[in-house]
Amino acid sequence: MEFSHSNDILNLLSMTPFAFKASAEVIEELKNKQSFSCQADFLIRLYQKTS
């Protein structure tokens with residue numbers, strides 16, 4: 001994922017458990033970033049009840 005706005009970077013952070021652990025310095029550093037790149041892995045499982 002590529003982000004080019006600090007608001008998008010902060011929104012991504014707020015959707016993770018790291019939001020509660022991030023120090024004020026880290027948040028300030030992210031606010032000042034012009035771009036941010038990261039990789040995300042997902043596992044989606046679909047459960048269905050059988051009759």
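Our structure's up above, just so we're on the same page.
Residues numbered from 1 in each chain as written. Predicted model: local features only at pLDDT ≥ 70, side-chain atom pairs only at ≥ 80, totals over all residues. Heavy atoms only, no water.

A closer look at the overall build of the protein
Now for step 1: Counting its secondary structure elements, the protein contains two helices and two strands.
Now for step 2: The helix and strand sequence of the protein, counted from the amino end, reads β-α-α-β.
Now for step 3: Here the C-alpha radius of gyration of the protein, 16 Å, is well above what a compact globule of 51 residues would show, namely 10 Å.
Now for step 4: Projected onto the principal axes, the alpha-carbon positions of the protein cover approximately 55 × 25 × 15 Å.
Now for step 5: For the protein, buried positions account for 10% of its 51 residues.
Now for step 6: Look at the contacts in the protein between residues 6 or more apart in sequence, and 68% of them connect residues 24 or more apart.
Now for step 7: As displayed, the protein has an accessible area near 5,000 Å², and 55% of this comes from carbon and sulfur atoms.
Now for step 8: For the protein, the distance from the average position of its 5 positive side-chain charges to the average position of its 6 negative side-chain charges is 15 Å. (Helix = DSSP H or I, 4+ residues; strand = E, 2+ residues; numbered from the N terminus. Rg over C-alpha atoms; globule rule 2.2 N^0.38 Å. Buried < 20%, exposed > 50% of the residue type's maximum accessible area, 1.4 Å probe, protein only. Contact = heavy atoms within 4.5 Å. Areas by Shrake-Rupley, 256 points an atom, 1.4 Å probe, with all protein chains shown as cover. Lys, Arg positive; Asp, Glu negative; His and termini not counted. Charge placed at Lys NZ, Arg CZ, Asp CG, Glu CD.)

Things to note about the packing of helix 1 (residues 6–14) against helix 2 (residues 24–32)
Now for step 1: Contact pair helix 1 / helix 2: the axes reach a minimum separation of 7 Å and the direction vectors enclose 145°. Residues Ser6, Ile9, Leu10 and Leu13 of helix 1 form the contact with helix 2, whose participating residues are Ile27, Leu30 and Lys31.
Now for step 2: Looking at side-chain class alone, the contact of helix 1 with helix 2 contains five nonpolar, one polar and one charged residues. (Axes fitted to C-alpha atoms, helices over the stretch in contact; angles between N-to-C directions. Nonpolar A, V, L, I, M, F, W, Y, C, P; charged D, E, K, R; others polar.)

Here's the deal with the nonpolar core
Now for step 1: One finds Phe3, Ile9, Leu10, Leu13 and Leu30 forming the largest nonpolar core, which totals five residues.
Now for step 2: It is helix 1 that provides the largest number of residues to this core, a total of three residues.
Now for step 3: What Ile9 contacts, discounting residues up to four positions off in sequence, is Phe3, Leu30, Lys33, Ser35 and Phe36. (Core = buried A, V, L, I, M, F, W, Y, C linked by side-chain atoms within 4.5 Å.)

Quick word on helix 1
Now for step 1: Within the sequence span of helix 1, burial applies to Ile9, Leu10 and Leu13. In a view along the axis of helix 1, the buried residues occupy a sector of 95°, so they form one face of it.
Now for step 2: Next to the buried residues of helix 1 lie strand 1 (2–3), helix 2 and strand 2 (36–37). (Arc of directions from axis to C-beta.)

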